[in-house]
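Notes for the structure review
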Amino acid sequence: MKIKEITLRHLKMDLLYPFVTSFGEEKDRDFILVEVKNEDGLTGWAENVAMPTPYYNEETVKTNWHMLEDFLMPLLLNREFSHPNEISEKLFAHIRGNYMAKASLEMAAWDLYAREQNISLASALGGTKKTIDVGVSIGIKDSIEDTLKVIDQRRLEGYKRFKLKIKPGWDVELIDKVRKVYPDIPLMADANSAYTLNDMDLLTALDDYNLMMIEQPLAYNDIIDHAELQAKLKTPICLDESIHSLADTQKALKLGSCKIINIKVGRVGGLTEAKKIHDYCMAHNVPVWCGGMLESGIGRAHNIALTSLPNFTLPGDTAGSALYWAEDIIEPEVIAESGTITVPDGPGMGYKPSMEKIDSFTLYSKTYR
Ligand code: OSB
Ligand code: MG
């Protein structure tokens with residue numbers, strides 16, 4: 001595989017509903033799309049999941065464009081690679097961090113590789129599932145009543161797991177009221193690092209609600225305090241922000257910092273590393289699920305392919321396009337029927353990027369050779 005040309009596009013797409021977390025409000029997705037092209041004109045696509053602001057992690061759209069343009073793309077352009085694993089190795093050899101930037105380029109190369117082989121991205125990754133189960137991530141609303149309405153709607157649509165964003169002041173009372181109305185739904189909470197060990201009483205109070213897990217309650221870069229908290233909870237802790245690699249996963253599991261891992265391809269630097277984390281967790285009986293970053297259809301397609309691996313046993317955050325977008329940028333859009341998505345079996349990511357829609361959302365683009 002030889003990449004002869006790379007196009008970066010900066011897109012902005014309005015979300016149908018604003019998404020509120022403990023770190024802020026998202027009204028739109030403002031992001032980079034990566035398109036790589038080989039000598040024969042075949043293309044591979046990926047979505048860069050960095051946000052415009054450094055509130056989820058330290059990366060931003062601008063730092064990602066800079067890393068891609070000045071450091072990462074020059075490592076790949078016009079060089080021969082026999083497998084995307086080698087591309088991952090190359091991107092990680094000397095450059096520290098910048099996981100989302102690396103991931104977007106590596107994922108585009110995986111899509112191209114699968115297209116060159118004329119197989120699906122899912123099968124290129126070793127995926128076995130034909131369908132995947134998905135849940136929803138429900139942002140912070142103006143009232144608990146509003147939250148209950150959304151849960152009800154998503155239940156009727158068949159989504160298989162309900163994740164509620166929490167933050168100080170929007171936590172125990174919320175979970176308590178939701179559990180009173182829905183004693184048995186698969187329910188979990190995601191704090192996006194909004195608490196510290198000083199909140200131990202509040203965090204242990206959440207232990208009484210039969211939650212599937214509590215996602216990233218403590219600092220975004222911590223695994224020590226999470227181990228102390230996990231020792232006091234029967235509810236599994238799931239780590240999101242703290243995990244960037246297989247090595248992080250091994251350390252967190254060794255310390256007992258969590259019992260479940262949320263794998264986001266962007267956060268761990270690509271599909272090669274995501275698969276390593278998946279394989280290690282599978283060998284150690286640790287369930288994983290695929291997280292989301294409010295992706296457009298292109299990022300969603302990669303998440304679906306990854307989730308076809310066998311140890312993605314818990315429903316992920318990759319809901320259908322219709323929960324996010326008036327019009328998605330792939331054809332067909334992602335359809336979740338009764339909380340289940342069929343893994344496409346066409347070549348590459350299995351969905352067609354719609355050039356017309358992509359162009360309509362593009363603010364700026366640049367091609368590199
Ligand atoms: O913590 O999982 C998270 C969205 C943006 C940043 C971080 C997170 C999220 C979500 C939304 O929870 C998942 C989705 O619907 O894509
Ligand atoms: Mg999270």
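Parameters at a glance
- Residue positions are counted from 1 within each chain, in the order its sequence is given.
- Following the order in which they are written, the chains are lettered starting with A and the ligands numbered starting with 1.
- The model is predicted, so local features are restricted to residues of pLDDT at least 70 and side-chain atom pairs to those at 80 or more, both for listing and for counting; the totals for chains, interfaces and linings are taken over all residues.
- Side-chain metrics rest on all non-hydrogen atoms present in the structure, leaving aside hydrogens and water.
- Numbering of helices and strands runs from the N terminus; a helix is a DSSP stretch of H or I covering at least four residues, while a strand is a stretch of E covering at least two.
- Atoms considered for the radius of gyration are the C-alpha atoms alone. The globule rule reads 2.2 Å times the number of residues to the power 0.38.
- Exposed residues in this analysis have more than 50% of their type's maximum accessible area, buried residues have under 20%, and partly exposed residues fall in between, with area computed by a 1.4 Å probe over protein chains only.
- An automatic or database domain assignment supplies the residue ranges for each domain.
- A 1.4 Å probe defines the accessible area here, and the buried area is the portion of it lost by two parts on being joined, summed over both.
- Salt bridge criterion: a side-chain nitrogen from Lys or Arg within 4 Å of a carboxyl oxygen from Asp or Glu.
- As used in this structure description, the phrase polar contact means that two N or O atoms lie within 3.5 Å; if the pair is within protein, one of them must be able to donate a hydrogen and the other to accept it, and residues adjacent in sequence are counted only when both atoms belong to side chains.
- Think of it as three bins: nonpolar holds Ala, Val, Leu, Ile, Met, Phe, Trp, Tyr, Cys and Pro, charged holds Asp, Glu, Lys and Arg, and polar takes everything else, Gly as well.
- When the centres of two rings from Phe, Tyr and Trp lie within 6.5 Å, Trp using its six-membered ring, the rings pair. Their planes under 30 degrees apart give stacked, over 60 give edge-to-face, and anything left gives tilted.
- Throughout this description, the term charge over a ring refers to an Arg CZ or Lys NZ atom that lies within 6 Å of the ring centre and within 35 degrees of the ring normal.
- Think of it this way: DSSP has to see at least two bridges between two strands before they count as a pair.
- The angle between axes fitted to the seven residues ending at a residue and the seven residues starting there is what we call the bend at that residue.
- Residue contacts are defined here by distance: any two heavy atoms, one from each residue, within 4.5 Å place the two residues in contact.
- Listed donor atoms are N, O and S within 2.8 Å of the metal (Na, K and Ca: 3.2 Å). As water is not included, a site may look incomplete.
- Whether a crossover is right-handed depends on one test, that the path from the first strand over the helix to the second runs clockwise when the strands point away from the viewer.
- In this text, near means that some heavy atom of the residue lies within 4 Å of the molecule or strand in question.
- Under the convention used here, a 1.4 Å probe and the Shrake-Rupley method define accessible areas, while residue burial counts only the protein chains that appear.
- To be clear, the arc concerns the directions from the helix axis to the C-beta atoms.

Quick word on the overall build of the chain
A count of helices and strands for the chain gives twelve helices and 15 strands. In summary, the chain has a C-alpha radius of gyration of 20 Å against a globular reference of 21 Å for 369 residues, a match within 12%. Structurally, the chain occupies a C-alpha span of about 60 × 40 × 35 Å along its principal axes. Burial status across the chain gives 59% buried among its 369 residues.

Focus: the domain arrangement of the chain
According to the domain assignment, the chain contains domain 1 (3-118 + 354-368) and domain 2 (123-352). Measuring from the centre of the C-alpha atoms in domain 1 to the corresponding centre in domain 2 gives 22 Å. The junction of domain 1 with domain 2 conceals about 3800 Å² of combined surface from both sides, 67% of it contributed by carbon and sulfur atoms. Applying the counting criterion to the domain 1 and domain 2 interface returns zero salt bridges. Counting every contact that joins domain 1 to domain 2 gives 18 residue pairs in polar contact (both at pLDDT 80 or more). Put simply, the parts of the chain that give the side of domain 1 that touches domain 2 at least two residues each are strand 1 (3-21), strand 2 (24-38), strand 3 (43-48), helix 2 (84-93), helix 3 (99-117) and helix 12 (355-361). When residues of the side of domain 1 that touches domain 2 are assigned to their parent elements, the largest contribution, eleven residues, is made by helix 3. Within the side of domain 1 that touches domain 2, the residues separate by chemical class into 26 nonpolar, six polar and nine charged.

Observations concerning the packing of aromatic side chains
The tally for this structure, following the rule as stated, stands at five aromatic pairs. With a centroid separation of 6.1 Å and 45 degrees between ring planes, the pair formed by Phe 92 and Tyr 99 is classed as tilted. For the cation-ring pair, Lys 102 lies above Phe 92, with the distance from its terminal atom to the ring centre recorded as 4.2 Å. Note that Arg 161 overlies the ring of Trp 289, its terminal NZ or CZ placed 5.0 Å from the centroid.

With respect to the sheet that holds strand 7 (residues 187-190)
If you trace the seven strands from one edge of the open sheet to the other, you get 5-6-7-8-9-10-11, paired in parallel fashion. The open sheet has two free edges, formed respectively by strand 5 (136-138) and strand 11 (288-290), since each of these has just one partner strand. Bridging between strand 7 and strand 8 (residues 214-215) involves two bridges; their strand directions are parallel. Bridge pairing links Ala 189 to Ile 214 in strand 8.

A few points about helix 1 (residues 61-76)
Maximum bend of helix 1: about 45 degrees, positioned at Leu 68. When helix 1 is considered as a whole, its buried residues turn out to be Val 61, Asn 64, Trp 65, Met 67, Leu 68, Leu 72, Met 73 and Leu 76. Against strand 1, strand 2, strand 3, helix 2, helix 3 and strand 15 (362-368) lie the buried residues of helix 1. Following helix 1 by one or two positions, Asn 78 adopts a phi angle in the positive range, close to 65 degrees.

A word on the coordination of the magnesium ion (ligand 2)
Those protein atoms acting as donors to the magnesium ion (ligand 2) are Asp 190 (OD), Glu 215 (OE) and Asp 240 (OD), and they sit at 2.1 to 2.4 Å. Written as a sequence motif, the donor arrangement for the magnesium ion (ligand 2) is D-x24-E-x24-D. Separated by 50 residues along the polypeptide, Asp 190 in strand 7 and Asp 240 in the loop between strand 9 (237-239) and helix 9 (246-255) bring together distant segments of the chain. According to the relative accessible area criterion, Asp 190 is buried, its value standing at 0%.

Quick notes on the pairing of strand 10 (residues 260-263)
Neither face of strand 10 is exposed, since Ile 260 and Asn 262 on one face and Ile 261 and Ile 263 on the opposite face are all buried. In this sheet, strand 10 lies alongside strand 9 in parallel orientation, the contact comprising two bridges. Residue pairing for strand 10: Leu 239 is matched across the bridge by Ile 261. Considered for its hand, the β-α-β crossover made up of strand 9, helix 9 and strand 10 is right-handed. Pairing of strand 10 with strand 11, which is carried by three bridges, proceeds in the parallel orientation. By the bridge assignment for strand 11, Asn 262 is matched with Trp 289. Traced from strand 10 through helix 10 (residues 271-283) to strand 11, the parallel crossover comes out right-handed.

Side note on the site of ligand 1
Taken together, 17 residues sit near ligand 1, with Ser 137, Lys 165, Asn 192, Leu 294 and Tyr 324 positioned nearest. Here an oxygen atom of ligand 1 and a side-chain polar atom of Lys 165 are 3.0 Å apart. Between Lys 264 and ligand 1, the recorded distance is 3.0 Å, taken from a side-chain N or O atom to an oxygen atom. Computed on the free molecule, ligand 1 has an accessible area of 390 Å², of which 100% lies beneath the protein chains in the complex. For the shell around ligand 1, the per-class residue count stands at seven nonpolar, three polar and seven charged. Each of domain 1 (3-118 + 354-368) and domain 2 (123-352) accounts for three or more of the residues forming the shell around ligand 1.

Things to note about helix 8 (residues 224-232)
Within helix 8 the residues assigned to the buried category are His 226, Ala 227, Leu 229 and Gln 230. All buried residues of helix 8 project into a common sector of 165 degrees when viewed along the axis, lining one side. Exposed side chains of helix 8 directed beyond 90 degrees from the buried face belong to Ile 224 and Ala 231. At its buried positions, helix 8 is contacted by helix 7 (200-205), strand 9 and helix 9.

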